[in-house]
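Okay, here's what each chain looks like letter by letter:
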Amino acid sequence: MHNDLLPLTIPDSEPELYQRAIALAGYTMKELASLAGMPIPEDLKRDKGWVGMLLERYLGASAGSKPEQDFPHLGVELKTIPVNSKGNPLETTFVCVAPLTGNNGITWESSHLRKKLCRVLWVPVEGERSIPLAERRIGTALLWSPNEQEERQLRHDWEELMDLIVLGKVESITARHGEVLQIRPKAANSRVLTEAIGEQGQPIMTLPRGFYLKKEFTRALLARYFDL
DNA sequence: GGGTGATCATCG
DNA sequence: CGATGATCACCC
């Protein structure tokens, strides 16, 4: 362990960010939390974002709640991804909130989702519940941008899902829509409501939704780099 | 309420 | 037993 692992500055270039991420590979949550002076919860039941926050700290991401990328000056988004012993994702990946109103004139090119996914620093983390949180290890990070096929898939699903939203069919959307991208609830609980477009074009109140990447999509992109 | 970080837990 | 729908904590 070395204190160089915990910089107090934000990275000023993409290579620097990448080097910081790579340097974390192999360390356990216990080691990193200890050096950062962060208490470790027993599990993630009530601290679901804990690993993400820990990594933000080590990589110099501007913490907090911004609809922007984690590294706006670099145009890079940070995502931690829980994986099993084979390196396959254990969970889908939240990308951003699905906009349910104000979508006139919004295109794939101008979409929030495309911006978030144009450059992502993926940090795999052991996520199996059989491993105590403190003993889980960081994997080897990778910098990714969608290739032609991935962008095509994302765009296709995004356009299909956004069409349903704009046409007032948001409440008929299930997680089964979309090949690589899905829309699921994203809220504190099922009583939370937000405005959307109803079937007759009228305003309705509905559960807030988010865009999530399906596991097969992230599995494939991780493998694409692993096999290099 | 609407964002950030995500995983939980029930059900088919 | 994996995926869908639900939920947890914190910020402003």
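Residues numbered from 1 in each chain as written. Chains lettered and ligands numbered in written order. Predicted model: local features only at pLDDT ≥ 70, side-chain atom pairs only at ≥ 80, totals over all residues. Heavy atoms only, no water.

**Student:** Help me get a handle on the pattern of salt bridges, residues and values and all.
**Tutor:** Applying the stated criterion to the full structure yields 12 salt bridges. For the salt bridge of Glu-77 with Lys-116, the shortest nitrogen-to-oxygen distance reads 3.6 Å. Of this pair, Glu-77 sits in strand S1 (residues 77-83) while Lys-116 is found in helix H4 (residues 112-117), placing the two residues 39 residues apart along the sequence. For the pair formed by Glu-77 and Lys-116, the shared burial category is buried. Between Glu-159 and Arg-155 there is a salt bridge, with the nearest N and O atoms lying 2.8 Å from each other. (Salt bridge = Lys/Arg side-chain N within 4 Å of Asp/Glu carboxyl O. Helix = DSSP H or I, 4+ residues; strand = E, 2+ residues; numbered from the N terminus. Buried < 20%, exposed > 50% of the residue type's maximum accessible area, 1.4 Å probe, protein only.)

**Student:** Describe in detail the packing of aromatic side chains, supporting the description with residues and values.
**Tutor:** Inspection of the entire model under this criterion finds four aromatic pairs. A centroid spacing of 6.0 Å and a plane angle of 65° characterise the contact between Trp-122 and Trp-144, whose relative ring orientation is edge-to-face. Within this pair, whereas Trp-122 is found in strand S3 (residues 120-126), its partner Trp-144 is found in strand S4 (residues 142-144), the two being separated by 22 residues in sequence. Each member of the pair, Trp-122 as well as Trp-144, is classed as buried. Each residue in the set Trp-122, Trp-144 and Phe-217 is aromatic and connected to the rest through ring pairs, giving one cluster. Over the aromatic face of Phe-94 sits the side chain of Lys-186, whose NZ or CZ is 4.4 Å from the ring centroid. (Phe/Tyr/Trp six-rings, centres within 6.5 Å; stacked < 30°, edge-to-face > 60°. Lys NZ or Arg CZ within 6 Å of the ring centre and 35° of its normal.)

**Student:** Could you give an account of helix H5 (residues 148-166), naming the residues involved and the relevant values?
**Tutor:** Under the 1.5 Å per step criterion, the end-to-end length of H5 is 26 Å for 19 residues, consistent within 8% with the ideal 27 Å. Regarding H5, the residues found buried are Glu-150, Leu-154, Asp-157, Trp-158, Leu-161, Met-162, Leu-164 and Ile-165. All buried residues of H5 project into a common sector of 150° when viewed along the axis, lining one side. In H5, the exposed positions that point more than 90 degrees away from the buried face belong to Glu-148 and Arg-152. Those residues of H5 that are buried lie in contact with H4, S4, strand S5 (181-185), strand S6 (194-197), strand S8 (209-213) and helix H6 (215-226). Sitting at the amino-terminal end of H5 is Asn-147, which places a side-chain oxygen 3.1 Å from the backbone nitrogen of Gln-149. (Expected span 1.5 Å × (residues − 1). Arc of directions from axis to C-beta. Contact = heavy atoms within 4.5 Å. Polar contact = N/O pair within 3.5 Å; in protein donor to acceptor, adjacent residues only side chain to side chain.)

**Student:** Quick rundown of the protein's contact with DNA strand B? Include the residues and the values.
**Tutor:** Surrounding DNA strand B, one finds 26 residues, the nearest of these being Lys-66, Thr-80, Lys-186, Thr-194 and Tyr-212. Expressed as a percentage, the sugar and phosphate content of the atoms of DNA strand B within 4 Å of the protein is 64%. At a separation of 3.0 Å, a base oxygen of DNA strand B approaches a polar side-chain atom of Lys-48. Of all the secondary structure elements, the ones that give two or more residues to the surface near DNA strand B are helix H3 (50-59), S1 and strand S2 (93-97). (Near = heavy atom within 4 Å.)

**Student:** Any chance you could break down the protein's contact with DNA strand C for me, citing the residues and the numbers?
**Tutor:** Close contacts around DNA strand C come from 19 residues, with Arg-46, Lys-48, Arg-184, Ser-190 and Lys-215 the closest. Here Arg-176 contributes a side-chain N or O atom positioned 2.7 Å from a phosphate oxygen of DNA strand C. Between a phosphate oxygen of DNA strand C and a main-chain N or O atom of Ser-190, the distance comes to 2.6 Å.

**Student:** Which residues make up the sheet that holds S2, and what values go with them?
**Tutor:** Strand order in this open sheet of three strands is S2-S8-S5, and the pairing throughout is antiparallel. Two strands lie at the open edges of the sheet, namely S2 and S5, each paired on one side alone. Between one strand axis and the next, the sheet turns through 35° on average, direction left out of account. Against the sheet, H5 engages S5 and S8, with an angle of about 40° to S5. (Pairing = 2+ DSSP bridges. Axes fitted to C-alpha atoms, helices over the stretch in contact; angles between N-to-C directions.)

**Student:** Describe the environment of Ile-165, listing the residues and the values that go with them.
**Tutor:** When you line up the elements, Ile-165 lands in helix H5. In this structure Ile-165 comes out as buried when scored by relative accessible area, which is 1%. Separated by 32 residues in sequence, Ile-165 and Ile-197 place their C-alpha atoms 7.1 Å apart. For Ile-165, the residues in contact, after removing those within four places along its chain, are Ala-98, Pro-99, Leu-100, Asn-103, Val-170, Ile-173, Ile-183 and Ile-197.

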